[in-house]
Amino acid sequence: DPDLIYYIVGGETVLRSYVPSTDTFGTVHDFSADGYVSGSLAMYGGDGDASSDDRYHAFNGSKSGGQWYVAVWDKQTNTIVGEVPVAGDAALNLATDAFGLSKSGNYLWIKCNTAYTFGGSSRPAGVAFFSRDGTYLRSCSAEMGATNTRSHVDCALDSAGNDVWVHFGSVDGVSTAR
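It should be emphasised that the depicted structure is a prediction, and the values quoted were computed from it without experimental measurement.

Quick notes on the rules
Residues numbered from 1 in each chain as written. Predicted model: local features only at pLDDT ≥ 70, side-chain atom pairs only at ≥ 80, totals over all residues. Heavy atoms only, no water. Helix = DSSP H or I, 4+ residues; strand = E, 2+ residues; numbered from the N terminus. Polar contact = N/O pair within 3.5 Å; in protein donor to acceptor, adjacent residues only side chain to side chain. Contact = heavy atoms within 4.5 Å. Core = buried A, V, L, I, M, F, W, Y, C linked by side-chain atoms within 4.5 Å. Buried < 20%, exposed > 50% of the residue type's maximum accessible area, 1.4 Å probe, protein only. Phe/Tyr/Trp six-rings, centres within 6.5 Å; stacked < 30°, edge-to-face > 60°. Lys NZ or Arg CZ within 6 Å of the ring centre and 35° of its normal.

## Observations regarding the side chain of Ser51
Here comes step 1: By the secondary structure assignment, Ser51 is in the loop between strand S4 (42-43) and strand S5 (56-62).
Here comes step 2: At 3.0 Å, the side chain of Ser51 and the backbone nitrogen of Tyr56 are in polar contact.
Here comes step 3: Aside from chain neighbours lying at most four places away, what touches Ser51 is Tyr56, Leu101, Ser102, Lys103, Ser104 and Gly105.

## Quick word on the nonpolar core
Here comes step 1: In this structure, Val84, Leu101, Leu108, Ile110 and Phe130 are the most contacted members of the largest nonpolar core, which totals 14 residues.
Here comes step 2: Listed by contribution, the elements that provide at least two residues to this core are S5, strand S6 (68-74), strand S7 (79-86), strand S8 (96-101), strand S9 (107-112) and strand S12 (126-131).
Here comes step 3: Grouped together as the second largest cluster of nonpolar side chains are nine residues, Leu15, Phe31, Leu41 and Phe59 included.

## Comments concerning the packing of aromatic side chains
Here comes step 1: This model, assessed by the stated rule, comprises six aromatic pairs.
Here comes step 2: Judged by centre distance (6.3 Å) and plane angle (80 degrees), the ring pair of Tyr36 and Tyr69 falls under edge-to-face. Placement of the pair is Tyr36 in the loop between strand S3 (24-30) and S4 and Tyr69 in strand S6, with a sequence separation of 33 residues. In this pair, the class of Tyr36 matches that of Tyr69, namely buried.
Here comes step 3: An aromatic cluster of at least three residues, connected via ring pairs, comprises Phe31, Tyr36, Phe59, Tyr69 and Trp73.
Here comes step 4: Across from the ring centre of Tyr69, 5.2 Å away, lies the NZ or CZ of Lys63, which sits over that ring.

## Observations regarding the environment of Ser102
Here comes step 1: Residue position: Ser102 is located in the loop between S8 and S9.
Here comes step 2: With 62 residues separating them in the primary sequence, Ser102 and Val164 have C-alpha atoms 7.7 Å apart.
Here comes step 3: The contact partners of Ser102, leaving out residues within four places of it in the chain, are Ala50, Ser51, Tyr107, Cys155 and Asp163.

Listed below in structure tokens is the structure:
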């Protein structure tokens, strides 16, 4: 719905909605009920998207105890369906450059410009792919320019309706699209 905006006010754990055509505000979900603490939430990492059907949304935040996560929230069931623990300094936004969901909502991607940790395993800088429930699938790292700060990633659907990941960046100064 192009007439629906989701947002989180700084310092809150509440996902809110706004409908410009009717000037209507609403409360969608309070993530403090899921253990997330005030002042830590960010939707989509400033770069990613929700699923095309607007059912699945990604955010990052910390829980009491200090562990940071990138999580997937299911709007239809109003539950968190997956979480990926990530390590890092909150002031550096967890070294997480961007994150988002595939168009189907089946896959979560996380782009980190520095090494990161999840599930007790250390990973190099790059882009990691997970299923919506947080299960690690694969990663792409520096050899394809995925750590270049001038790179950009997007998800799309191919002509058969399959999720595809498109990366624009450079390897050794040569621009690429993959």
